[in-house]
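Spelled out from the first residue to the last, the chains are:
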Amino acid sequence: MSPAPATPHADTDAETGADTGTGLPELAPRERETLRHIAAGRTYLQTARHMGLSKHTVDAYLRRIRAKFGIHSTAELTRTAIALGL
């Protein structure tokens, strides 16, 4: 019987597995930038145009952020952005 695959802890970087020391999930640079735009009140389309992406990519970034933090609303996204200093 083989051991179960390891799952990242909340205090490790999801991409590198490095310890972030904050107890919070780590965001990739483009996820942070996307979150900053949405928290500033921009729409998905405005964010996509500013970042040179499709709105589907922006949606994918925000889905990842929501999953990492267990967020369900835009208000919670904004609150998280403020807490992260974005």
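Residues numbered from 1 in each chain as written. Predicted model: local features only at pLDDT ≥ 70, side-chain atom pairs only at ≥ 80, totals over all residues. Heavy atoms only, no water.

(A) Highlighting the nonpolar core. Counting residues in each nonpolar core, the largest one holds ten residues, listed as Leu27, Leu35, Ile38, Ala48, Val58, Leu62, Ile65, Ile71, Leu77 and Ala81. At the level of elements, helix H1 (29-39), helix H3 (55-69) and helix H4 (74-83) are the ones that each hand at least two residues to this core. A per-element tally of this core places H3 first, with three residues. Sequence-distant contacts of Ala48, that is, excluding residues within four places in its chain, are made with Leu53, Ser54, Lys55 and Val58. (Core = buried A, V, L, I, M, F, W, Y, C linked by side-chain atoms within 4.5 Å. Buried < 20%, exposed > 50% of the residue type's maximum accessible area, 1.4 Å probe, protein only. Helix = DSSP H or I, 4+ residues; strand = E, 2+ residues; numbered from the N terminus. Contact = heavy atoms within 4.5 Å.)

(B) Summary view of helix H2 (residues 44-51). Buried within H2 we find Thr47, Ala48 and Met51. Burial along H2 is one-sided: seen end-on, the buried residues are contained in an arc of 100 degrees. Exposed residues lying more than 90 degrees from the buried face of H2 are Arg49 and His50. At the exit of H2 stands Gly52, carrying a positive phi of roughly 75 degrees. (Arc of directions from axis to C-beta.)

(C) The pattern of salt bridges, seen in detail. The full count for this structure, using the stated rule, is four salt bridges. Residue Arg30 is joined to Glu33 by a salt bridge in which the shortest nitrogen-to-oxygen separation is 3.1 Å. A residue pair is termed a helical-turn pair when its members lie 3 or 4 positions apart in one helix, as Arg30 and Glu33 do in helix H1 at three residues. Assessed through its relative accessible area of 30%, Arg30 is described here as partly exposed. A salt bridge links Arg63 to Asp59; its shortest N-O distance comes to 3.0 Å. Remark: Asp59 and Arg63 occur in helix H3; sequence separation between them is four residues, near one turn of the helix. In the salt-bridge network here, residues are joined through shared partners; they are Glu31, Arg64 and Lys68. (Salt bridge = Lys/Arg side-chain N within 4 Å of Asp/Glu carboxyl O.)

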